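One letter stands for each residue in the lines below.
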Amino acid sequence: MRARPLGPGAPAVSAIGFGGMPLSTAGRPPEDQAIRTVHAALDAGVTLIDTANVYGLDDGDIGHNERLIAQALRAWPGGRDGVIVATKGGMTRPEGRWERNGGHPDRLRRACEASLKALGVERIDLYQYHAPDPRVPFADSVGALAELKAEGKIRW
């Protein structure tokens, strides 16, 4: 599979990434089938997996997709080396709705720390601000991400 650079100083990743969202939202497959799906993508040469803390049914299911991806990576015989997991924070899922109310620095910090736990890692490869919150100054949100990076919780 072709590879493309992730960015300056970052490794190349597969030109085709795997988006985990459908494995955790409404109509999601059984867990064993979801894990086989992730394994099939990895077996095909995918080295970029995209997830988010809100990929689940609602706020009570936060972290579902991240936990599923972590479980699939632990079970995959190919190992975690060379696989980049990208996740996101900055949204919530009250009653299953998608809302942009997670951009406050404290919320982003809590979301990142919960993602670290859900993914079972000490550092997230690529952390993205999912959807800017118009009520929070963008610089405040990005500043929180810069602090998390400086603390070693985010690689890129």
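Structure shown above.
Residues numbered from 1 in each chain as written. Predicted model: local features only at pLDDT ≥ 70, side-chain atom pairs only at ≥ 80, totals over all residues. Heavy atoms only, no water.

**Student:** Help me out: how do you make sense of the packing of helix α3 (residues 105–119) against helix α4 (residues 138–150) in this one?
**Tutor:** Across the interface, α3 lies against α4 with an axial gap of 8 Å and an inter-helix angle of 40 degrees. Of the possible angle classes, the one that applies to α3 and α4 is oblique. Relative to α4, α3 is oriented so that their crossing is right-handed. For the pair α3 and α4, contact is made by Pro105, Leu108, Arg109 and Cys112 and by Asp140, Ser141, Ala144, Leu145, Glu147 and Leu148, respectively. When grouped by side-chain class, the residues that make up the contact of α3 with α4 number 6 nonpolar, 1 polar and 3 charged. (Axes fitted to C-alpha atoms, helices over the stretch in contact; angles between N-to-C directions. Helix = DSSP H or I, 4+ residues; strand = E, 2+ residues; numbered from the N terminus. Parallel < 35°, antiparallel > 145°, perpendicular 65-115°, else oblique. Left-handed = near helix turned anticlockwise from the far one by under 90°. Contact = heavy atoms within 4.5 Å. Nonpolar A, V, L, I, M, F, W, Y, C, P; charged D, E, K, R; others polar.)

**Student:** Help me understand the sheet that holds strand β5 (residues 84–89) in this model?
**Tutor:** Across a sheet, strands are paired by hydrogen bonds formed along the backbone, either parallel or antiparallel in direction. If you walk across this open sheet you meet the 4 strands as β3-β4-β5-β6, and the pairing is parallel. Here the strands that pair on one side only, and so sit at the sheet edges, are β3 (18–19) and β6 (126–129). For strand β4 (residues 48–50) and β5, the ladder comprises 3 bridges, and the chain directions are parallel. Across the sheet, isoleucine 49 pairs through a bridge with valine 85, a residue of β5. (Pairing = 2+ DSSP bridges.)

**Student:** Mind showing me how you'd approach helix α1 (residues 31–43) here?
**Tutor:** Since there are 3.6 residues in each turn of an α-helix, residues three or four apart along the chain are aligned in direction. Along its 13 residues, α1 runs 18 Å from first to last C-alpha, staying within 8% of the 18 Å computed at 1.5 Å per residue. Looking only at α1, the buried set comprises Ala34, Ile35, Val38, His39, Ala41 and Leu42. Along the axis of α1, the buried residues cluster in a sector spanning 160 degrees; they form a single face. In this structure, the buried residues of α1 make contact with β3, β4 and α2 (64–75). The first or second residue beyond α1 is glycine 45, which carries a positive phi of 105 degrees. (Expected span 1.5 Å × (residues − 1). Buried < 20%, exposed > 50% of the residue type's maximum accessible area, 1.4 Å probe, protein only. Arc of directions from axis to C-beta.)

**Student:** Hey, could you run me through the side chain of threonine 51 in this one?
**Tutor:** Along the chain, threonine 51 falls in the loop between β4 and α2. Within the local environment of threonine 51, its side chain forms a polar contact with the side chain of asparagine 65, the two groups lying 2.5 Å apart. Not counting the four nearest positions on each side in its chain, threonine 51 is found in contact with Asn65, Glu66, Ile69, Val85, Ala86, Thr87 and Lys88. (Polar contact = N/O pair within 3.5 Å; in protein donor to acceptor, adjacent residues only side chain to side chain.)

**Student:** Explain α4 here, please?
**Tutor:** With 13 residues, α4 extends 18 Å between its outermost C-alpha atoms, agreeing within 8% with the 18 Å of an ideal straight helix rising 1.5 Å per residue. Taken residue by residue, α4 has Ser141, Ala144, Leu145 and Leu148 as its buried positions. Buried positions in α4, seen along its axis, are confined to an arc of 95 degrees and lie on one side of it. Looking at α4, the residues exposed on the side facing more than 90 degrees away from the buried face are Ala139 and Ala150. Looking at the buried side of α4, the elements it contacts are α3 and β6.

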